[in-house]
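# What the coordinates show
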Amino acid sequence: MSLAEIDNKIGAACTTAARPRASVALVAVSKVQPLDRVRTVLNGGQRLFGENRVQEAAERWLPLREEFPGVKLHLIGHLQTNKAKEAVKLFDAIETIDSLRLAEAVKSEMDKQGKNLDCFIQVNTGDEAQKNGVPLQDLEKLLRICREDLKLNICGLMCIPPQDEIPDLHFALLHKLSLEHKLPNLSMGMSADFEIAIRYGATHVRVGSALFGIRENR
Ligand SMILES: *Cc1c(COP(=O)(O)O)cnc(C)c1O
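Residues numbered from 1 in each chain as written. Predicted model: local features only at pLDDT ≥ 70, side-chain atom pairs only at ≥ 80, totals over all residues. Heavy atoms only, no water.

This brings us to helix α1 (residues 3-16). Quick reminder: α-helices carry 3.6 residues per turn. Residues three or four places apart thus point the same way. End to end, α1 covers 20 Å across 14 residues, agreeing with the expected 20 Å (1.5 Å per residue, within 8%). Burial in α1 covers these residues: L3, I6, I10, G11, A13 and C14. Along the axis of α1, the buried residues cluster in a sector spanning 165 degrees; they form a single face. Looking at α1, the residues exposed on the side facing more than 90 degrees away from the buried face are N8, T15 and T16. If you follow the buried residues of α1, they end up packed against β1 (25-29), α2 (35-43), α8 (194-199), β9 (204-207) and α9 (209-212). (Helix = DSSP H or I, 4+ residues; strand = E, 2+ residues; numbered from the N terminus. Expected span 1.5 Å × (residues − 1). Buried < 20%, exposed > 50% of the residue type's maximum accessible area, 1.4 Å probe, protein only. Arc of directions from axis to C-beta. Contact = heavy atoms within 4.5 Å.)

See the structure below:
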């Protein structure tokens, strides 16, 4: 689908949900995509992109940023503490804070670099053993320490629902948690379900293959 088609779908989903179009941002997930596809979307005016690996993102975006001013990058993949430095240098927001150890590493790097990036806490709403994200029962504590002790700019929550389930319950749960904790942003919804996510209050939809085409294997 073209950028315009995705944009129309987001607009229609906003209308259905009685939400302003401006309340939902498209995070174009460019990981692994060929450069020509990314350029097409950049030329269409898109400036917000998501990547899930720090090194790969740096190689691609350091040159592209020179060429396309105003690009913003969200880290949407798991971050290892030893890559916190590079991540803080490159990204504008980190959507995948999911442990105290990582929060501390990111905080310490941001202090060194004089930055205070927007951060989302990734929640493991499906309680899946293999999945990243803070377990539900640990969210409140992590959030409290991030806000009160580390003074991180926690702006929202992020989730990736289990693949074999309909996403609705997960989106509804993340929405409820964001209200409880007074967090304005919700990063949820991917190619297959971003319109559903908008119904449940998503402010950031992360769309890859629907926009750029099927990804090659790495
Ligand atoms: C790859 C990825 C996406 C995009 O997935 P599509 O199904 O291609 O839209 C969204 N979020 C995360 C965290 C991802 O890793």
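In this structure the tally under the stated criterion is 8 salt bridges. E67 is paired through a salt bridge with R39; the nearest N and O atoms lie 2.6 Å apart. With E67 in helix α3 (residues 54-67) and R39 in helix α2, this residue pair connects regions lying 28 residues apart in the sequence. Between R65 and D92 there is a salt bridge, with its nearest N and O atoms 2.8 Å apart. You can see R65 sitting in helix α3 and its partner D92 sitting in the loop between α4 (84-90) and β4 (93-97), a full 27 residues away along the chain. When its relative accessible area of 23% is taken as the criterion, R65 is described as partly exposed. (Salt bridge = Lys/Arg side-chain N within 4 Å of Asp/Glu carboxyl O.)

What surrounds the ligand is the set V29, K31, I76, M158, I160, M190, S191, R206, V207, G208, S209 and R215. A distance of 2.7 Å separates an oxygen atom of the ligand from a polar atom in the side chain of K31. Within the side chain of R215, an N or O atom sits 2.8 Å from an oxygen atom of the ligand. Surface burial for the ligand is 89%, taken as the share of its 390 Å² of free accessible area covered by protein chains. When each cavity is represented as a set of grid points, the ligand is found to reside in the largest pocket. Of the residues belonging to the shell around the ligand, the class tally is 6 nonpolar, 3 polar and 3 charged. (Near = heavy atom within 4 Å. Polar contact = N/O pair within 3.5 Å; in protein donor to acceptor, adjacent residues only side chain to side chain. Areas by Shrake-Rupley, 256 points an atom, 1.4 Å probe, with all protein chains shown as cover. 1 Å grid on protein atoms, 1.4 Å probe; cavity = no way out; pocket = protein on both sides within 12 Å on 5 of 7 lines; lining within 4 Å. Sits in = over half its atoms within 2 Å of the grid points. Nonpolar A, V, L, I, M, F, W, Y, C, P; charged D, E, K, R; others polar.)

The next subject is the pairing of strand β7 (residues 153-158). Counted residue by residue, β7 has 5 buried out of 6 residues, so it is predominantly covered. Bridge count for strand β5 (residues 118-124) against β7 is 5 bridges, and the pairing is parallel. Its bridge partner lying in β7, F120 is registered against G156. In the sheet, β7 pairs with strand β8 (residues 185-187) via 3 bridges, with the strands oriented parallel. Note that in β8 the partner of L157 across the bridge is L186. Between the parallel elements β7 and β8, the chain passes through helix α7 (residues 168-180) in a crossover that is right-handed. (Pairing = 2+ DSSP bridges. Right-handed = clockwise from strand over helix to strand, strands pointing away.)

With that settled, consider the layout of surface pockets. For the largest pocket, the calculated volume is near 680 Å³. K31, I160, Q163, M190 and R206 are, among the 26 residues lining the largest pocket, the residues nearest its centre. A breakdown of the residues in the lining of the largest pocket according to their chemical character gives 10 nonpolar, 10 polar and 6 charged. (Points joined across faces, edges and corners; volume = space filled by probe spheres on them.)

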